[in-house]
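# A look at the structure
Residues per chain, in single letters:
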Amino acid sequence: MPDQPPTPGVDLAALLADRELGLRALHAAEGAGGHAAVHAVHASEMADPSPYLLGGELLLTAGAQLGPDADGYVARLVAAGAAALGFGVAPVYEEVPPELVAACARHGLPLLEVPPGTPFTAVARTVWRLMAEARTRELRRVTEAQQALAAAAARPDPVPAVLRRLAASLGGRVVLLRGGPGGGADSGEAGREVPPGAAAALEALLARVAAPGGPATATDSAAGWQLSAYALGGAPGPSGAGPSSSGPSSPGPSGAGPSSGAAPGGPGPGPGPGGPATGAVPRAGSAPTPLPAPVLGVAVPERTPGDHAITAIAAVLLGLLTTHRPAGTEAAALTRLLLDGDPAEALPPGPWQVVHARGAGDPRALAGALGTVLLDPRGPQLRLLTDRDPAPQPGWRLGVSAPARPGALPAADTQARRALERAEAARTPLVRHSEAGLPGLVDPAQARAHAEALLAPLGPARAATLRGWLAHHGSWDRSAAALGVHRNTVRQRIARCAALLGRDLDDPDVRMELWFALRTLDSGDNSPVT
């Protein structure tokens, strides 16, 4: 069970400020000023509801099973992590029992009086509404921070800019350490001054995460500040076992990670991001042990909802900006192609397949699914080059060429384009190029338009007669038997077709053109030719 609920809490002060509820604080936790955080509402008339609490609840009761041991009742609620107790006066008690008030004072459990006219459900609904408002504020804060961090990552000096933006968003101080004792070009720090005790604890936390085999993230607190360290990934340590996490992971069971709930409150005054820092925060190269991988350290005076998500976004950006990624074989092939201009020399022998695609998905995700980074997103459709056999992909229509050597890629590109056109015409996820003879060389849309225009004068009945007659090579008797009419009827219909078309049906070229036209219009009909 986590020590802190994952959702933003609601201050008791906000409930007490709601006049419609009419709640009255009979005891506030010492030092909390009535600002204890409520994460859920639970109503129970059990003598001991503590086994059913997860922590952070406002427990509502009318005291039907309170019993004489009020002190034990409150002690069990505190042990279960209840945030506060709400006692409804009437119908069981006319007022909150004094022994209950005294027990809450002894154990430090906030106690609220719920007036007779306020249903417990009204209290619960108010808590849910306030929680939803707090969640909306948190999401808005995270979204704004994400946009600001992305803009900082696009600056000419991305690493310092992201550090400054992160420090400003958290209201604290951030430290990035790279490399060994000498630091690295992307090491730096930004934000507020940190007390010496917190700075020393953060330095130890960074060393712990950066050590070979260390955790991906670690948390601590010192001098009233909350500390976190994250391994960003990068080159392995001397033993080859350095941290490789590409971003922060959830905090350990201590609950002290950035996602821990805390009472909302803004940071105190201090130097702005990028301003001078006089605290003893470790600078690049001052760590007592080598730091072979990039490590991000964060120090904040108190954690607020959204801190964990904001830090995770910054950690991913910094990991991308600081981790060295050598060029792969595709980049080498592109370089050779640009310098030498010969695909046969630039690419491995393959075989390769060209893919044309249309869809509403992410082009890079499609390229990843097809196992390639060779992607051209420009034009009416995507073009990809892969040495793997493509499979259908959800949300995409694909046209795939025949396997080809590098020197034959232009022809394969044409094959993939025509295959995609057939896939869209047939509404099928994937069509592969096949040697279909002369019809396969003609654009399907153009072929259908030509066929419709050529056969328009005939109408369906005469077109069916012409189709059957051509299928039987002009035999009157066999055509009549297949169509179920007299042979003279076939003669009359064919003569009428010739007149309407203005063509000589004894010409084999005319017969071939008409047959292709009829087959084009019948491409969706899988019945045998009659």
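Shown above is the structure to which this text applies.
The rules we used
- Residues numbered from 1 in each chain as written.
- Predicted model: local features only at pLDDT ≥ 70, side-chain atom pairs only at ≥ 80, totals over all residues.
- Heavy atoms only, no water.
- Pairing = 2+ DSSP bridges.
- Helix = DSSP H or I, 4+ residues; strand = E, 2+ residues; numbered from the N terminus.
- Axes fitted to C-alpha atoms, helices over the stretch in contact; angles between N-to-C directions.
- Phe/Tyr/Trp six-rings, centres within 6.5 Å; stacked < 30°, edge-to-face > 60°.
- Buried < 20%, exposed > 50% of the residue type's maximum accessible area, 1.4 Å probe, protein only.
- Contact = heavy atoms within 4.5 Å.
- Polar contact = N/O pair within 3.5 Å; in protein donor to acceptor, adjacent residues only side chain to side chain.
- Core = buried A, V, L, I, M, F, W, Y, C linked by side-chain atoms within 4.5 Å.
- Parallel < 35°, antiparallel > 145°, perpendicular 65-115°, else oblique.
- Left-handed = near helix turned anticlockwise from the far one by under 90°.
- Nonpolar A, V, L, I, M, F, W, Y, C, P; charged D, E, K, R; others polar.
- Salt bridge = Lys/Arg side-chain N within 4 Å of Asp/Glu carboxyl O.

## Focus: the sheet that holds strand β8 (residues 173–177)
Taking strand neighbours across the sheet as the criterion, the five strands line up as β9-β8-β12-β11-β10 in an open arrangement whose pairing is antiparallel. Edge positions in the sheet fall to β9 (188–191) and β10 (217–222), since each has one partner strand and no second. Going from strand to strand, the sheet's axes swing by 15° on average, the running direction of each strand aside. Both β10 and strand β11 (residues 225–231) contribute to a ladder of six bridges, which runs antiparallel. The residue bridging A218 from the neighbouring strand is A229, located in β11.

## So, the packing of aromatic side chains
With the rule as written, the count across this model stands at two aromatic pairs. Note on F87 and Y93: the rings are 5.6 Å apart at their centroids and 65° apart in plane angle, and the pair reads as edge-to-face. Exposure remark for Y93: the relative accessible area of 27% places this residue in the partly exposed category.

## Examining unusual backbone geometry
Each neighbour pair has its own omega, and for A90 with P91 the value is 10°, a cis peptide bond. Relative to the helices and strands, P91 is located in the loop between β6 (84–88) and α3 (98–107). Although it is not a glycine, A90 adopts a positive phi angle of roughly 65°. Within the secondary structure, A90 sits in the loop between β6 and α3. The class of A90 is partly exposed, set by a relative accessible area of 33%. Positive phi, normally seen in glycine, also occurs at A223, with a value near 55°. Along the polypeptide, A223 turns up in the loop between β10 and β11. Relative accessible area serves as the criterion here: at 53%, A223 is assigned to the exposed category.

## Comments concerning the sheet that holds strand β15 (residues 382–386)
Read across the sheet, five strands follow the order β14-β15-β13-β16-β17 without closing on themselves; strand pairing throughout is mixed. If you trace the sheet from one side to the other, it starts and ends with β14 (375–376) and β17 (430–432), each paired once. Where β14 lies against β15, two bridges are found, and the strand directions are antiparallel. Each bridged residue has a counterpart across the sheet, and for L375 the counterpart in β15 is L384. Its contacts with the sheet place helix α11 (residues 409–426) against β13 (353–359), β15, β16 (396–400) and β17, and it is angled at close to 35° to β13.

## Points about the side chain of Q353
When you line up the elements, Q353 lands in strand β13. At 3.3 Å, the side chain of Q353 and the backbone oxygen of S401 are in polar contact.

## Notes on the pairing of β8
Within β8, five of the five residues are buried, leaving the element largely enclosed by the surrounding structure. A two-sided burial pattern is seen for β8, the buried positions comprising R173, V175 and L177 on one face and V174 and L176 on the other. Two strands pair when backbone bridges link them, and β8 and β9 are joined in this way by four bridges, in the antiparallel orientation. Directly across from V174, in β9, lies its bridge partner A190. In this sheet, strand β12 (residues 295–300) lies alongside β8 in antiparallel orientation, the contact comprising five bridges. If you follow V174 over to β12, its bridge partner there is V298.

## Some details on the nonpolar core
Within the largest apolar cluster, 24 residues are counted, with the highest numbers of intra-cluster contacts made by L163, L166, V174 and L296. Mapped onto this core, the elements with two or more residues apiece are α4 (120–153), α5 (158–170), β8, β12 and α7 (307–322). Excluding residues within four positions of it along the chain, V174 makes contact with L163, L166, A167, G188, E189, A190, L296, G297 and V298.

## So, the packing of helix α13 (residues 459–471) against helix α14 (residues 476–483)
It is the contact of α13 with α14, at a shortest axis distance of 9 Å, that shows an interaxial angle of 130°. When the interaxial angle is binned, α13 and α14 end up oblique. Crossing handedness for the pair α13 and α14: right-handed. Across from A464, T465, G468 and W469 in α13, the residues of α14 making contact are W476, S479 and L483. Broken down by class, the residue content of the contact of α13 with α14 amounts to four nonpolar, three polar and no charged.

## Looking at the pattern of salt bridges
Counted under the stated rule, the structure contains 19 salt bridges. For R129, the salt bridge identified is with E133, shortest N-O distance 3.3 Å. On the criterion of helical spacing, the pair formed by R129 and E133 is a turn pair, its members being four residues apart in helix α4. Of the charged contacts, one joins R383 and D376 as a salt bridge, the two residues approaching to 3.1 Å between their closest N and O atoms. In this structure D376 comes out as buried when scored by relative accessible area, which is 16%. Residues joined by salt bridges that share partners form a network here, namely D18, R129 and E133.

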